[in-house]
Every structure is written in C-alpha cells, then in structure tokens.
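Each chain is listed here by its residues.
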Amino acid sequence: MAQLREIKKRIVAVKTIQRITKTMQMIATAKFTAALARAKNSRPYTDTIRGLVAKVSAQAGDTSHPLLEKPVHMNWDTSGRLWVATSNTYPQVNPEDLAAQMAGNSSKFGPSTGNDKVILLEDTNRDGVADVSRIVADRLLIPSGVAPDNFGGVYVGASTELLHLTNANPDGVLADRRIVLSGFGTEDTHHIVHTLHWGIDGRLYFHQTIYIHSHLETPWGLVRANSGVAFAYDPNTERLEVHSKGLVNAWGQQEDAAGQTFLTSGADGTGVHWAFPGAAFPPSEGARRLVGSISPGSYPKFSGLELINSPVFGPEWQGNAITCDFRAHRIVRFGFNDFSTDASPKSGYVTKELPDVVRTSDVAFRPITLKMGPDGAVYVADWTNPIINHGEVDFRDPRRDKISGRIWRILPENAQPLSWQPVLGKPTKELLANLLSPNRWTFEQSRRELAKLPVAELQAALKAWAKDDVTRRHAAWLLSGRTAETTHLAELLKSQDPASLQVGLRELGKSLGARGATDIALITPFLAHANPRVRLEAHRALARVRTPESARAVLSHLPKNTEDTFLDFAAWTSINELARPWLEDVAAQPSKINGQEASLDAIVKAIDPGIATPYVQRLFVGRKIDAAGTGPWIELVGKAGTTEEAALLFRSLMDDASLQPSTRHRIAFALVEAANRNVRPTGDLTALGKLLDLAHKQRDLVRCGHHINGHPDILVMGDAIVDHLVHLGKRVVDGIWRYIAVFGEGFENLF
C-alpha cells in the first residue's frame, strides 16, 4: 500500500509539472509571437538616437526577402553585392526536424536540419533596398563566416571546415566544394570558425574561440590551436599562421589606415583590443603572459567591428569604431587616442566611448555584424531574435525565432548616400586611384580587385604609381606574400612617417620569415627608433627571422619603459620565439657565453624553464660559484637548473666559508625557487641541521617554526632537530630556504 501511495504521489507531481510546463510554453509562445510581430513590422529602430543618426531603414526584410533567415555574417564583393551567411540550424541540428525531412513528412518538417545557406543580395536600382536575392550555397552546417573571392566563388567557415565554393550551376548555386582546411573543433557552436575577413595585406583572417580545439594540416606543417585564435591564411601560398591569441569569443575585426588590427569580443566585456602580431589576450590556453584591451573599464559584450571611413558621415566620425551591443539592442561607438604621438609616447592606444549610434527597446533587435557599404552607409546584420543564448535557454524553446532576419542601412540625418559603381573590371589606373578614396568600401574592394592581377603586371603598375608614403604603403600590402622582391619595402623604410615604417617592418619580417632569409640589416636600426610602435614592429619582425643574430639584436634593445605594456610584451614574446637558436648557438660553443651572461639571464627569465633547463645544464658544466657569486649563474640554477646544479649550490652554501653574505643570500633564494619547481639538491641533506642548531638561540626561531610549511613541531629543540629534518625530508628543505630568504638580514651570523 505504501508503494502504491508513493506511485500516486509521483503521478500527481508529474502531471503538475506538465501543467506548469504547458503554461510556461504558452506564455513563452505569446511573448515570441509579439516579438515576431514587432520584428516583421520592419519599423526603423529610432527609439533613442541622441541626434547622431536619424535615418535607419530596412535594406532587406522577412516579407520582401524570405530567403534571409537568421543572418550570421556578411561581406561585400567588388560588384557591390552582399553575401550573407544564414543559419536557422543554430544552435544545433534538431533530430526531429531531420527525421521529418528524411521521411518526407512536410507537416512536421522544421528548419533545423543542417541545410544552411549563403544568399546573395543585390540592389540593382541603387535605392538602398535589395531587389534581388538568391541562394548561392546550401547544404552547409552553421556557416559562421563568408568572404567572396571576387572570381565568382566564396570562402565559407562551416563548422569543422574552411570551404572554397566555386563554379555556379544553372540555378546559380556554387557546385564545386573544395575543403581548404579541416580539423576545426566544434565543442561550442558559437565559437566555431567564424568572422572571415579580407585583411589589408590580402590575407584571409578568421577566428575560433575559447572552447574550440583545432588541429589543422597545411602544406607548411601542422597548426594547432586549443583556445581563441585569430588565423591568417594566404590563398596564394596556402600558408596558415596564428596572428594573435586569446579572448573568449572574438567576433569582430578591422584594420585602420596604418594597417593596425583591432578586435571586439562577444563574451569578454573588455571593449576593443589592439591585435598586433603575436598579441595574447586573456584567456589564452598555455599563455604565461597576457596583454589587456585598450578600453579602460568594464563593457558589455560586443559583436562585429567596423571603422567609419565615409564622406556621408561627418569629420568627427572618421576612424571611429562602431560595434554591436547585441544584448542591449544597441550599436555603440568609440574614438581612439594614439599614445605613440604623446609627449611621453607609448606604443598603444586608448579608446573613449562616445554616444550610441542606435538604441531600441525592441527585444528582437540583435545586431551582430556591420559593414560600410558602397553608398557610404553602415549596413547591419540583425539576427532578429528574442533569444540569443544557446546554453542558458532550452534548444527547443518556442521563443527561438528560426525564420526572421534583416539587414539594416544606417545614414546620418539629412545625408545623401553616395552614388557608386561596381569596381569589378575597372582599369588598373582607376583602381589604384580608388585606393585613396575616403569611402571604405571603395578602397577595400578596389584592393581586392587589384589582387586579381598577375604579380608582374601589378608590380609594373605600382612602380609607376607609388611615389609617396601613402601609396607606398598600399604597394606593400598589395605585394604582401606575392613576391620575394623587397626593394619596395627598403624604399618604404626610408620614410620619416612612423606609419610607413610600421608597415615596412611588418611586411619585411613576413617576407624574410617566409623565405628563410637571414639578412636583418634593414630591421635592426629601428629597434632604437623614437616611436615606440615602430620599435614594437621591429621586435616582432625580427622574431620571424629565427637566428642567433636576431636574438642578439632584440636582447641588446630591451624596452626600458615597463609602463608600455604592449612594447614590453612584444619584446618578451620575441625573446621567447628567438631563445632556442640563441641557446643552441652558445651551448654548442660555451666559450661564446663570456660577455653574454646578461643576455642568458634575460632569456632564462623570459622563457619556460622546461626549455631553458637543458641549455643551462650544458653551460654550467665545470663552473664553480666564487665568493662574490659572479655572473647570473646562481639565479639561473634557481630558474632552470636541475638537481645536480642545485646540489652544487647546496654544497657551496654548506662548505665554502669564503662565500660573501650576499652570495649566501642569493643561493638561499635560488634554492627556494628551484624547490618551487620540485627541483631539490641530491645527496645527504642532514647538514641542514647545522643551520637550526646554530640558529636555535635566535629569537626568530619561533617564527621559523610557523613558517616551515605549517610544521610547528619543528620547534623541538636540541638533537631532535636533526631527526626531524631527516624525517620531514623535502618539505623541511623548502622551509629552511624560505626561512633563510625571509630572515636573510644577518644571515652570515649562522655560519
């Protein structure tokens, strides 16, 4: 009977839960229906515009373009057409939808089947509203990045693969599918490979973020990434490299007129980041040192990033960053302050938040990416969904909008859009002139069109055109990775303009590294340049030339202003990347270390002890510690020595009466540091009893007992101390060294 009553209670409880669940679903459905109705109304989001922008119109909406379902990412081509990656599968395939599709049951057929698409939007009459839309790619699984190749094909980041789709069939759908790279992780569907972006140097940049683990085979070797990474892929050489690391979910990238890269993240709350080559932001797997953002304070999560360059917007807007606060239904704006031009210059920047571009109370407005358009307006992809989270909200929540999506066009109040023409097929001379356009779309797409030229033809055109700093910078970017010739870079490095020097150094470093060339004579003078950002680029350029000479150059020009955290980090990173060739060089001929002890000390302080240890061991052979502890050898043993070197220090401490007090103190600290790495002297350590036997009369002995790893029983006096030392072994050894380090003043009285 008791069991029957328990069963009845459970049945009642289940029915109660079912009623509550049904009620919650009805409420959720009602909220969703209302949100969807607001979204389908396609009204301008002008609730709060603060007088900055007052013309916001739908460029494509659900009713006029039913193909536009859930836009994820977008990019323009040279014809002025907008390629949009869409996904109604996100956040995952629904097995019920897929089963209904396979069974041909249209009554139960849902959208989450893994048949996502790339669509093409075109405004043929130039009225700012797309009048043509068609599918150009299908059968994709959550495509999170799209970049047209301007030959009629498109690169797509789709889950585990970077695809190149080409050759349209009679229906206009790209039929040929080449897997460019595979092996991207899929641990989290909003961290998978995304945000494809043609960089100013002609490389295709894209991101994966924190939870993704990728192992990518390339013609140049294996590339691994076990957290957030900004990749840079050269389609001419198929070389893939890591440009920067870190961030929880970077989802925005753009370069300024000097070629400097900036990022935003959809999960960090740290604003805008300056991503110079080799930068590592928190969090980053395995990183031993990190740099922060250039936005002081705490911020919402941001998605997408664009820098305003458009005559349609006023002078005060030029160069400003705009990004999407998708949680608060707004688009925000930042200005930049360049610290490299200050009276006391530093290499970095700082941003200042400016009034919002757009803000609305509509819960379905979810701006996720934005691009400057051919008419000078800002175009914004709107996810159009009251639900954005994929972990906190049930995958089957009825409020999830699987259908809606819009692209918005934003113009300043009373501004007229630019008249424009496609740059596809334009003469080379006109395309080169377009590079100097104040309109971002014009100079970006002209650069993409020029990239299609044969390199010899391009070089000839650039030779006649590039006559000043700005044009030479463009020439450097256009030829990046396409030629072994560096004469144009040498010419650029004669400039007095810091921006030109930065571009020249970065491109020269890339060229030398890719070719395995070793002549660094053009780079080394800039390690002492007055502009700290130029020095930063010189440090990072040298890191690509993995030779002892590069290491010596970096080590002889280490930054002295540690407040410049970006420059200090760049030099530290370069030391880490150049340490092995330098250590191999001196370890092969130990006599070379004479006079370079300070460099050895700097390297060992910077690099992972596991890398330094075998080299320190080889270089320490035959050495003894003199009375003054000459050189960095004591500290090197602490940082990277083995048990053998630690034993040598221990014996010197115990047996060498000639050691100066300061030397003994340094040895004590070094042995503590070694012990923190679980490296302890070999041999009989009972001689430590001598220290406590001589120290037991010191009034600090009580404090010593509490300090030794929480062992108050060490307070036992007399002969028993030695027994305790032997019994407690390595933990007491650690404690003794810490005691000596803490009470080092007057330490010589112990001997």
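Okay, so let's go over this structure.

**With respect to the overall build of the protein chain**
- Helices and strands together make up the secondary structure of the protein chain, namely 20 helices and 25 strands.
- Restricting to contacts in the protein chain with at least 6 residues of sequence separation, those with at least 24 account for 62%.
- If you sum the accessible surface of the protein chain, you get close to 31,500 Å²; carbon and sulfur atoms cover 54% of it.

**Regarding the sheet that holds strand 6 (residues 143-148)**
- Across the sheet, 4 strands lie side by side as 6-7-8-9; this open sheet has antiparallel pairing. Two strands bound the open sheet, and with one partner strand each, they are strand 6 and strand 9 (174-182). Between one strand axis and the next, the sheet turns through 25° on average, direction left out of account.

**Here we look at the environment of Leu 174**
- For Leu 174, the location among the structural elements is in strand 9.
- Accessibility expressed as a relative area gives 7% for Leu 174, which makes it buried.
- The sequence separation of Leu 174 and Val 136 amounts to 38 residues, and the corresponding C-alpha distance is 5.7 Å.
- Filtering out sequence-adjacent residues up to four positions away, Leu 174 remains in contact with Trp 83, Val 136, Gly 152, Gly 153, Val 154, Leu 165, Thr 166, Asn 167 and Ala 168.

**Notes on the sheet that holds strand 2 (residues 71-76)**
- Strand order in the open sheet made by the 4 strands is 2-3-4-5, with antiparallel pairing throughout. Of all strands in the sheet, those with a lone pairing partner are strand 2 and strand 5 (132-140), marking the two edges. In this sheet, neighbouring strand axes are inclined to one another by 20° on average, regardless of whether the strands run parallel or antiparallel.
- In terms of strand pairing, strand 4 (residues 116-122) meets strand 5 through 6 bridges, oriented antiparallel. Across the sheet, Leu 121 pairs through a bridge with Ser 133, a residue of strand 5.

**Examining helix 9 (residues 532-542)**
- Counting buried positions over the 11 residues of helix 9 gives 10, a clear majority of the element.
- The set of residues buried in helix 9 consists of Pro 532, Arg 533, Val 534, Leu 536, Glu 537, Ala 538, His 539, Arg 540, Ala 541 and Leu 542.
- Those residues of helix 9 that are buried are in contact with strand 18 (272-274), strand 21 (330-338), strand 22 (349-359), helix 8 (498-515), helix 10 (548-555) and helix 11 (565-588).
- Where helix 9 begins, one side-chain oxygen reaches toward the backbone nitrogen of Arg 533, 2.9 Å away; that side chain belongs to Asn 531.

**Considering the environment of Lys 402**
- If you trace the backbone, Lys 402 turns up in the loop between strand 24 (378-382) and strand 25 (406-411).
- By relative accessible area, which is 16% here, Lys 402 ends up buried.
- Between the alpha carbons of Lys 402 and Trp 383 there is a distance of 9.7 Å; along the sequence they are 19 residues apart.
- From its side chain, Lys 402 meets the backbone oxygen of Asn 88 in a polar contact 3.2 Å long.

**A short note on the packing of aromatic side chains**
- According to the stated counting rule, one finds 21 aromatic pairs in the structure shown.
- Ring centres of Trp 274 and Phe 566 lie 5.3 Å apart, and the angle between their planes is 65°; on these two criteria the pair is classed as edge-to-face. Here the residue Trp 274 occupies a position in strand 18, and Phe 566 occupies one in helix 11, the gap between them amounting to 292 residues. The exposure classification of Trp 274 matches that of Phe 566, with both residues buried.
- The interplanar angle of 50° and the centroid separation of 6.4 Å between the aromatic rings of Tyr 299 and Phe 302 together place this pair among those described as tilted. Of the two residues, Tyr 299 and Phe 302, neither departs from the other in class, the shared state being buried.
- Three or more aromatic residues joined by ring pairs form one cluster here, namely Phe 262, Trp 274, Phe 276, Phe 336, Tyr 349, Phe 566, Phe 569 and Trp 572.

**A short note on unusual backbone geometry**
- Residue Pro 283 is reached from Pro 282 by a cis peptide bond, and omega for that bond is -10°.
- Note that Pro 283 resides in the loop between strand 18 and strand 19 (303-307).
- For Ile 142, which is not a glycine, the phi torsion comes out positive at approximately 50°.
- One can find Ile 142 in the loop between strand 5 and strand 6.
- One non-glycine residue, Asn 150, lies in positive phi territory at about 65°.
- Structurally, Asn 150 is set in the loop between strand 6 and strand 7 (154-158).
- Its relative accessible area of 8% is what places Asn 150 among the buried residues.

**Looking at the pattern of salt bridges**
- For the structure on display, the rule yields 31 salt bridges.
- Residues Asp 201 and Lys 510 are paired through a salt bridge, measuring 2.8 Å at the closest nitrogen-oxygen approach. Taken together, the residues Asp 201 in the loop between strand 10 (194-198) and strand 11 (204-208) and Lys 510 in helix 8 connect sequence positions 309 residues apart.
- Judged by its relative accessible area of 6%, Asp 201 falls in the buried class.
- Via salt bridges that share partners, Asp 201, Arg 203, Glu 241, Glu 507, Lys 510 and Arg 544 belong to a single interconnected network.

**Focus: the side chain of Asp 382**
- Relative to the helices and strands, Asp 382 resides in strand 24.
- Here the side chain of Asp 382 touches Arg 366 through a polar contact of 2.9 Å, landing on its backbone nitrogen.
- For Asp 382, the side chain forms a polar contact with the side chain of Trp 408, separated by 3.0 Å.

**Quick word on the nonpolar core**
- Counting residues in hydrophobic clusters, the biggest one holds 87 residues, and the most contacted among them are Trp 582 and Leu 600.
- Looking at this core, the element that brings in the most residues is helix 11, giving 12 residues.
- Ignoring sequence-local partners within four residues, the contact set of Trp 582 consists of Pro 548, Ala 551, Arg 552, Leu 555, Ile 593, Gln 596, Ser 599, Leu 600 and Ile 603.
- Within the second largest apolar cluster, 55 residues are counted, among which are Ile 322, Val 378, Ala 415 and Trp 465.

**Examining the packing of helix 12 (residues 597-606) against helix 14 (residues 633-640)**
- At a minimum axis distance of 10 Å, the contact between helix 12 and helix 14 shows a crossing angle of 20°. Between helix 12 and helix 14, the crossing angle belongs to the class labelled roughly parallel. The handedness of the crossing between helix 12 and helix 14 is left-handed. Together, Glu 597, Leu 600, Asp 601, Val 604 and Lys 605 of helix 12 and Trp 633, Leu 636, Lys 639 and Ala 640 of helix 14 make up the contact between the two elements.
- Considering only residue class, the contact of helix 12 with helix 14 consists of 5 nonpolar, no polar and 4 charged.

**As for helix 5 (residues 455-465)**
- Here helix 5 has its buried residues at Leu 458, Leu 462 and Trp 465. The arc enclosing the buried residues of helix 5, seen along the axis, measures out at 65°, which places them on a common side. Of the exposed residues in helix 5, those oriented more than 90 degrees away from the buried face are Ala 456, Ala 460, Lys 463 and Ala 464.
- Against helix 3 (428-434), helix 4 (440-450) and helix 6 (469-478) lie the buried residues of helix 5.

**Brief notes about the pairing of strand 17 (residues 261-265)**
- Strand 17 sits mainly inside the fold: 5 of its 5 residues count as buried.
- Burial along strand 17 is two-sided: Thr 261, Leu 263 and Ser 265 and Phe 262 and Thr 264, pointing in opposite directions, are all buried.
- Sheet topology places strand 16 (residues 250-255) next to strand 17; 5 bridges connect them, and they run antiparallel. The residue bridging Gln 253 from the neighbouring strand is Leu 263, located in strand 17.
- Connecting the antiparallel pair strand 16 and strand 17 is a turn made up of 5 residues, with Gly 259 showing a positive phi of about 85°.
- Hairpin geometry of strand 17 and strand 18 is characterised by an intervening segment of 6 residues between the two adjacent antiparallel strands and by a positive phi of about 75° at Gly 269.

Conventions and cut-offs
- Counting of residues starts from 1 at the beginning of each chain's written sequence and follows it residue by residue.
- Only residues with pLDDT of at least 70 are given local features in this predicted model, and only at 80 or more are side-chain atom pairs given and counted; all residues enter the totals for whole chains, interfaces and linings.
- Neither water nor hydrogens contribute to the side-chain values; these are computed over all heavy atoms in the structure.
- Each helix is a run of H or I in the DSSP string that is no shorter than four residues. Each strand is a run of E no shorter than two, and both are numbered from the N terminus.
- Only heavy atoms enter the contact rule, under which two residues are in contact if any of them lie within 4.5 Å.
- Under the convention used here, a 1.4 Å probe and the Shrake-Rupley method define accessible areas, while residue burial counts only the protein chains that appear.
- Here, strands pair whenever DSSP counts at least two bridges between them.
- What counts as an axis is a line fitted to C-alpha atoms, over the stretch in contact for a helix, and the angles between N-to-C directions run from 0 to 180 degrees.
- The buried label applies to any residue whose accessible area, calculated with a 1.4 Å probe on protein chains only, is under 20% of its type's maximum; exposed applies above 50%, and partly exposed to all values in between.
- We call two N or O atoms a polar contact when they sit within 3.5 Å, provided that within protein one can donate a hydrogen and the other can accept it, with sequence-adjacent residues counted only if both atoms are side-chain atoms.
- By convention, a stacked pair of Phe, Tyr or Trp rings (six-membered ring in the case of Trp) has centres within 6.5 Å and planes under 30 degrees apart, an edge-to-face pair has planes over 60 apart, and any other such pair is tilted.
- What counts as a salt bridge is simple: a side-chain nitrogen of Lys or Arg found within 4 Å of a carboxyl oxygen of Asp or Glu.
- The set of buried Ala, Val, Leu, Ile, Met, Phe, Trp, Tyr and Cys residues whose side-chain atoms join them within 4.5 Å is what this entry labels a nonpolar core.
- Angles below 35 degrees are treated as roughly parallel, those above 145 as roughly antiparallel, those between 65 and 115 as roughly perpendicular, and all remaining angles as oblique.
- Crossing chirality is assigned from the near helix's rotation relative to the far helix, an anticlockwise turn below a right angle marking it left-handed and a clockwise turn marking it right-handed.
- Any residue that is not Ala, Val, Leu, Ile, Met, Phe, Trp, Tyr, Cys, Pro, Asp, Glu, Lys or Arg is counted as polar, Gly included; the first ten are nonpolar and the last four charged.
- Relevant arc is that of directions from the helix axis to the C-beta atoms, nothing else.

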